[in-house]
Structures are given as C-alpha cells and as structure tokens.
Amino acid sequence: MMKKIYIAIVLLICLSMNSCKHDEWFERDSKQTITDEQLWNDPKLVTSLLANYYNRLPTLHGVFNTGGMTEIDDAMWSGHRDQNWRNDFQFGDDYGRYWDYGFIRDINLSLENLETQSTKLTELQKRLFKAELRFIRAFVYFEMVKRMGGVPIVEKQLVYDFSGDPTPLQVPRAKEYEVYDFIFQEMEAIKDDLVPNNSSKTRTNRYTALALESRAMLYAASIAKYNNLMAAPITTPGGEVGIPAAMANDYYTKSLNASREIIRGPYALFNENSDKGTNFYDMLNKKTGSEVIFAKDFATSLKVHRFAYDNIIKSMTEDNESSSTISPSLSLVESFDYLDGTKGTLRNKDAAGNYIAYTGIADIFANKDARLYGTVIYPGTTFKNNLVRIQAGVAVWDNGSYQLSTSAELGKNYTDGLVWTGFDGPKNDATDVSNTGFYIRKFVSDAPAASTRGTSAANWWPWFRLGEIYLNAAEAAFELGQGEGLGYINSLRQRAGFPANSLSALTMDIIRNERRVELAFEDHRYFDLKRWRLAHVVWDGSENDPNAVVMGLYGYRISRPGHPDNGKFIYERIRPSRFRRARFFRLANYYSSIDQAVLNNNPKIVRNPFQ
C-alpha cells in the first residue's frame, strides 16, 4: 500500500512541475520492442529479418533431414525402432504437401514496408533488400509448385475489410506453367539488383537467381515433355496441373541459358585433393568455396545441427546416445559405375552362382567411381583416419557349401581368434548400426566432437552448387539436341576419377544415373523421378524390385584352414528384416493433396487429380 502511495505522490509532483513533460514520462520508447520506423530504416535490422527468412527456406529431404533421406530408394532407417514406420509406409496423398501462405504474407508485407516506411535507406540498399525478398518468395513458390502444381500467385498483402464478403481474399490457383513463368520473370527482374551480393554464399546473388532459373525451368520443361508422354497425362481442365508439351523447348532453353551463364561465372568444380574420393567428400565439408553457389551456413549463423550425431558410424560414436540411422541401399551403391565404364553391379557371385572370394574386404569396390567413397562408408574404408570395422560374420565351409555365421555381440572374435562380426556390423534387425552393410559419409562432419550433443556439427547445407548446374545444362542441352552436354558430364566424371572424355555419347539413362550419384542425399532424387514421370515406375511396390526394396550387402570372412580362400571374403545380398514394405508411389503422388481446410476456406481452389 505504501508503494502505491509513493508512486502516486511522485506522479503528482512530476505533473505539477514545468520541467516534467507528460510525453517524457508516458510515451517513452519501449526497450523491448522494435518499431516499424526503426526496423525499416536500419540496414542491420533489415538484414536480421532477412536472416530469419533465409532460415525458413523450405525443403523436403534436405537441410540434414535424416528421416526424409530414408524414405526413398537411397537408404533405409536403422535408428530407434519408434521410427521404423519409415521402412513400412506408402507415400500418402499428402506426402510432400507444402502450402505456406503465412510465409508469403510475411514477405509481401516486408516488401510493402520497404517501399512505404524506409525513408533513411539508400535506393541501392532498398533495391538489394527487395530483390532478396523476391528471391525468397520465388523460392517458396517453386517449392509449392513442384509439389502441389499451380498455386495462387499472391504478390501483395491481402487485408480483410470486414465487409462480410471474403471473396476478394479468395485467389484461385494459377495454371502450373504460370507459376513457373512467374519464377522466371521474378529472377530476370531482380538478378542485376543482386550483384552487390556476388561475393556472398549465404545471401542470394545474381548467380543464385540464375541457379533457381536453371533448376525451375528444367523442372517445367520435364513436366511439359514427360507428363504428356504418359498414356494418360495428369491434368486438370483449368491447367492447374499439367503443362502443354509445346512449351518444353522454351523452358529447356531458359534453363540452359541460365546454366551457361553460371558456368562462365566465378565458380569452379572443387578439385583440390588428388584423392578423388576424399575430394568429393571435402567439397561439401571443407569451405574453400569454389563450387558452392548458395548455402545455409550453420557456422556463420552460430547454429549447429545433429546430422553427425544421428549418423556417425557405430564404432566412432562420441556420445552415448548418438546413432547410426541412415543405412544407404545396395541400389545406390551399385549405381556408381566402375572406372572402366562398366555398370556398377557388384560381383559377389560368378556366372555359375558360386561366391567370388576377394583377398581384401574392400576389393569388391575397387576401381569404382570415386563419388562412392565420398558418399558412402563401405567395408575396408576409413573415417576420421580410423579404419571402419564392417564385417557381417564368418563363412565356414561345411558339407560342400559355406555356412554364414554371425555373432550376437558386435566386435566379438571367432574361435580362430580373428574378427567374427565387426563392431560396425552390419547386423540384421538391429538398431543404431548399419542394416545394409553401408553408412552414409556425405554430410557427416569429421570435425572434433561433431557427433556429440554438446558440440554437434556446423558444416553447411548446399542449396545450389556448380555440380548440379553442370547436370542441369547437360540435360537441357541433350533434350534440345545440342551436343555440349557431353562435355559437362565428362567433366564431372573426370573429377570422380574417370579418364578424360570417358563417355563418347549421352543418353537420358546416363544423365539420370549421373544425377543420382552426383547429387545423392541432396534433396533431388524424389523430385527428379517425379518430373521425369518415373517415380511410379521405379517405386512400383514390387517386393522383387531392387529399387522399390532396399537391399544390403554383407561381407563374410572365410574361415577354411588349409584352403587357398582361407582369410578371404565373400559377399551375400540381403533384404534387411527391418525393411518391411516396398516403396510404392502412386499416380496420386505426383501432386500432393490440398488440405481440406484450404478447400473449405477458398471455394475457388480446384482439387488436385485423384484427391
């Protein structure tokens, strides 16, 4: 009570004195709230807001999404059993759904505020900030159109006038091609305004805008071509889904032109380590910067991620609870060709069906595309300068055939005193150890303590890099009947250890396989198979299809005293028990379903096919 009386007396004294002004007491600026005037006139505050928006850029299987990476044919889930549903699911109608008009509204509001409230920023600053916001908005629209088809194009804040009529806020879906056209037009309009950022890899610059053109126009072209080659093209009467076939070449040309400009720019394929496998790994883990165009840089933003914590190889865990979640598939491993140009199928048996005995456990992988080493940890390799201990068990000759024996406990020795099952497995039906015989190397940081909760990892995520641009250019050129694509593919292959000009001709099958091995785990394969209209063919639900079913390869040491093969290794293909159901992609999955709440709120929204 005394405190209240004291405050009242102070106020009365203040109000009675000429020296105490009302505004100074009652209208003081908040110490905790940033006003619009402060925000839109301070370059540092606007940059902070942009950092928040960059952090919100969407992906499906990207930005170190361990779970998402195990939902296609490149890997299976081997972590805690509470997420084993990833090995036992079908792509639902809503798989990949993304419809974020809250984010679009935030961007549109920011663009309007920069126009109306920024009185102290220079015109150059305003143009740059606006261009960055428009890039982010176009990126969001690209993420929506490649999942949903045509979506409403909203370029200004929609404000309800409380008239009782919501129809002015109900924007219909644009045609699918109109969204792609919008993305292209936006990038063309802003790319010159982004030049001041050309030295940055974490803020969009001219080349980042061109990279979005390169990727998005390739997607539009593919849909225009391959959707119309289907027996029953997937369309809607209003064009919200489906792009006319006649538009394909124009989109391929736009993609190729953007790619060419980037290739002529300041970037170069990373090629700093004579060990080609290590070089490919270093390309995304060592920030020398020659290849990455635009990245989410955790170190710069003082953030960390737990990709190494989730996926460190079993024997090298630095934390009691860290895991080995992603088990790459045999299908992925075999997609890496041999350096002599032959297909990458691993030869575990001869033509008569007899096991082939290899002197070393890594010999079956010898002379493979070096990108395999940079992507996957396989038997006989190292990580963090330590030899991995991948061995499934021991093969014992008995009554005319090999009996394959495994240890119940990892790291145990067999009766001959040598390794039985390695500490890194593989082990069937186990958790936090490889179930396929392989671990992921790509993106798993080798920095000290990167796999601990207390430190975690800070390596960056590449939104765009030159390797993809080479592939985009090669595909677009090939589809246009131009020969320059061969050189782009051969450059990537030479970086991976192949002889110069290892290919004399291109096919779409070669281009598609090159994308799979070059861009594995970088959030491309799911969308590549969709745009080529191959997802329902590759993931056909067949339990006998090695792409629909994740398979593994287990190596066994031969224990056969007195025989020339004693101490050598044989390999057995296996379907891991934890992998329960073949991947099954239905025609309905080419376009994600639209949430019922969206349909209820806007009767102008047309449903997607099969919804």
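Residues numbered from 1 in each chain as written. Predicted model: local features only at pLDDT ≥ 70, side-chain atom pairs only at ≥ 80, totals over all residues. Heavy atoms only, no water.

### Let's talk about the overall build of the protein
When helices and strands are tallied, the protein shows 20 helices and twelve strands. Expressed along its principal axes, the backbone C-alpha trace of the protein runs to roughly 110 × 70 × 45 Å. Burial analysis of the protein (611 residues in total) assigns 55% to the buried set. At a minimum sequence separation of 6, the contacts of the protein that also span at least 24 residues come to 73%. Here the protein has roughly 25,800 Å² of accessible surface; of this, 51% comes from carbon and sulfur atoms. Of the charged side chains in the protein, 72 are positive and 73 negative; the average position of the first set lies 2 Å away from that of the second. (Helix = DSSP H or I, 4+ residues; strand = E, 2+ residues; numbered from the N terminus. Buried < 20%, exposed > 50% of the residue type's maximum accessible area, 1.4 Å probe, protein only. Contact = heavy atoms within 4.5 Å. Areas by Shrake-Rupley, 256 points an atom, 1.4 Å probe, with all protein chains shown as cover. Lys, Arg positive; Asp, Glu negative; His and termini not counted. Charge placed at Lys NZ, Arg CZ, Asp CG, Glu CD.)

### Focus: the packing of helix 6 (residues 101–117) against helix 7 (residues 123–148)
Orientation of helix 6 relative to helix 7, taken along the N-to-C sense of each, is 165 degrees, at an axis distance of 10 Å. When the axis of helix 6 is compared with that of helix 7, the two are roughly antiparallel. Crossing handedness for the pair helix 6 and helix 7: left-handed. In contact with Y101, F103, I104, I107, N108, S110, L111, L114 and E115 of helix 6, helix 7 contributes K126, F129, K130, L133, R134, I136, R137, V140, Y141 and M144. When its residues are assigned to classes, the contact of helix 6 with helix 7 shows twelve nonpolar, two polar and five charged. (Axes fitted to C-alpha atoms, helices over the stretch in contact; angles between N-to-C directions. Parallel < 35°, antiparallel > 145°, perpendicular 65-115°, else oblique. Left-handed = near helix turned anticlockwise from the far one by under 90°. Nonpolar A, V, L, I, M, F, W, Y, C, P; charged D, E, K, R; others polar.)

### Focus: the pairing of strand 7 (residues 393–398)
In summary, the side chains of a regular strand alternate between the two faces of the sheet. With four bridges connecting them, strand 7 and strand 11 (residues 552–559) associate as parallel partners. Each bridged residue has a counterpart across the sheet, and for A395 the counterpart in strand 11 is I558. Where strand 7 lies against strand 8 (residues 401–405), five bridges are found, and the strand directions are antiparallel. Looking across to strand 8, one finds that A395 is bridged to L404. What sits between the antiparallel neighbours strand 7 and strand 8 is a turn of two residues, in which N399 has the positive phi angle 55 degrees. (Pairing = 2+ DSSP bridges.)

### Some words on helix 15 (residues 466–479)
For helix 15, with 14 residues, the first-to-last C-alpha span of 20 Å sits near the 20 Å given by 1.5 Å per residue. In terms of burial, helix 15 is a largely internal element, 13 of the 14 residues being buried. Of the residues one or two after helix 15, G481 is the one with positive phi, at around 75 degrees. (Expected span 1.5 Å × (residues − 1).)

### Notes on the confidence of the model for the protein
Overall, the predicted model of the protein reaches an average pLDDT of 94, with 95% of residues at or above 70. Long-range and interchain partners of residues 1–17, a stretch whose pLDDT sits below 50, account for four contacts in this model, where long-range means more than four residues apart. (pLDDT = per-residue confidence, 0-100.)

### Observations regarding the pairing of strand 10 (residues 461–465)
Where burial is concerned, most of strand 10 is hidden: five out of the five residues are buried. The pairing of strand 2 (residues 292–296) with strand 10 spans four bridges and is classified as antiparallel. By the bridge assignment for strand 10, A295 is matched with P462.

### Let's talk about helix 9 (residues 206–226)
Helix length check: helix 9, at 21 residues, gives a terminal C-alpha distance of 30 Å against a target of 30 Å (1.5 Å per residue), a fit within 8%. The N-capping residue of helix 9, defined by a side-chain oxygen 2.8 Å from the backbone nitrogen of Y207, is N205. (Polar contact = N/O pair within 3.5 Å; in protein donor to acceptor, adjacent residues only side chain to side chain.)

### Considering the pattern of salt bridges
A full pass over the atoms with the stated rule returns 44 salt bridges. Here R203 and E132 are joined by a salt bridge, their closest N and O atoms 2.5 Å apart. With R203 in the loop between helix 8 (176–190) and helix 9 and E132 in helix 7, this residue pair connects regions lying 71 residues apart in the sequence. With a closest N to O distance of 3.1 Å, K254 and D250 form a salt bridge. Of this pair, K254 and D250 both sit in helix 10 (residues 248–263), separated by four residues, roughly a single helical turn. What emerges from the salt-bridge pattern is a single network uniting E291, D369, R371, K442, R465, R493, R495, E514, E518 and E522. (Salt bridge = Lys/Arg side-chain N within 4 Å of Asp/Glu carboxyl O.)

### Structural notes on the nonpolar core
Judged by nonpolar contacts, the single largest core of 159 residues is most densely connected at Y141 and Y180. With residues up to four places along the chain from it excluded, the contact list for Y141 reads Y101, I104, V151, P152, I153, V154, V179, F182 and I183. Counting residues in each nonpolar core, the second largest holds eight residues, with A392, I558, I570 and I574 among its members. (Core = buried A, V, L, I, M, F, W, Y, C linked by side-chain atoms within 4.5 Å.)

### A short note on the packing of aromatic side chains
Taken as a whole, this structure holds 41 aromatic pairs when the rule is applied. Taken together, a centroid distance of 6.0 Å and an interplanar angle of 45 degrees make the contact between F91 and Y526 tilted. Here the residue F91 occupies a position in the loop between strand 1 (75–77) and helix 6, and Y526 occupies one in helix 18 (residues 525–531), the gap between them amounting to 435 residues. For F91, a relative accessible area of 1% corresponds to the buried category. Residues Y373 and Y378 carry aromatic rings whose centres are separated by 6.5 Å and whose planes lie at 85 degrees to one another, so their mutual orientation is edge-to-face. Summarising the burial analysis for this pair, Y373 and Y378 share the class buried. A connected cluster of aromatic rings, assembled from ring pairs, spans W85, F89, F91, Y95, Y526, F527, W539, F585 and Y590. The ring of Y338 carries K368 above its face, with NZ or CZ at 5.1 Å from the centroid. (Phe/Tyr/Trp six-rings, centres within 6.5 Å; stacked < 30°, edge-to-face > 60°. Lys NZ or Arg CZ within 6 Å of the ring centre and 35° of its normal.)

### Regarding unusual backbone geometry
Omega for the peptide link from G425 to P426 comes to 5 degrees, which places this bond in the cis form. Here P426 lies in the loop between strand 8 and strand 9 (439–440). Its identity as a non-glycine residue notwithstanding, S456 has a phi of 60 degrees, on the positive side. Residue placement: S456 occurs in the loop between strand 9 and strand 10.

### Observations regarding the sheet that holds strand 8
Reading across from one edge, 8-7-11-12 is the order of the four strands in this open sheet, with mixed pairing throughout. In the strand order of this sheet, the two ends are held by strand 8 and strand 12 (569–574), each with one partner. Geometrically, the sheet is characterised by an average inter-axis angle of 40 degrees between neighbouring strands, direction not taken into account.

### A closer look at the environment of E321
Positionally, E321 belongs in the loop between helix 12 (307–311) and strand 3 (326–328). Relative accessible area serves as the criterion here: at 48%, E321 is assigned to the partly exposed category. The spacing of E321 and R495 is 174 residues in sequence and 37 Å in space, taken between C-alpha atoms. Ignoring anything within four residues of it in the chain, the contact list for E321 reads Y309 and R453.

### Remarks on the side chain of S593
Within the fold, S593 resides in the loop between strand 12 and helix 20 (596–601). Among the residues examined, S593 registers a relative accessible area of 10% and is labelled buried. A distance of 2.8 Å separates a polar atom in the side chain of S593 from a polar atom in the side chain of R97. For S593, the residues in contact, after removing those within four places along its chain, are D93, D94, R97, M148 and Q611.

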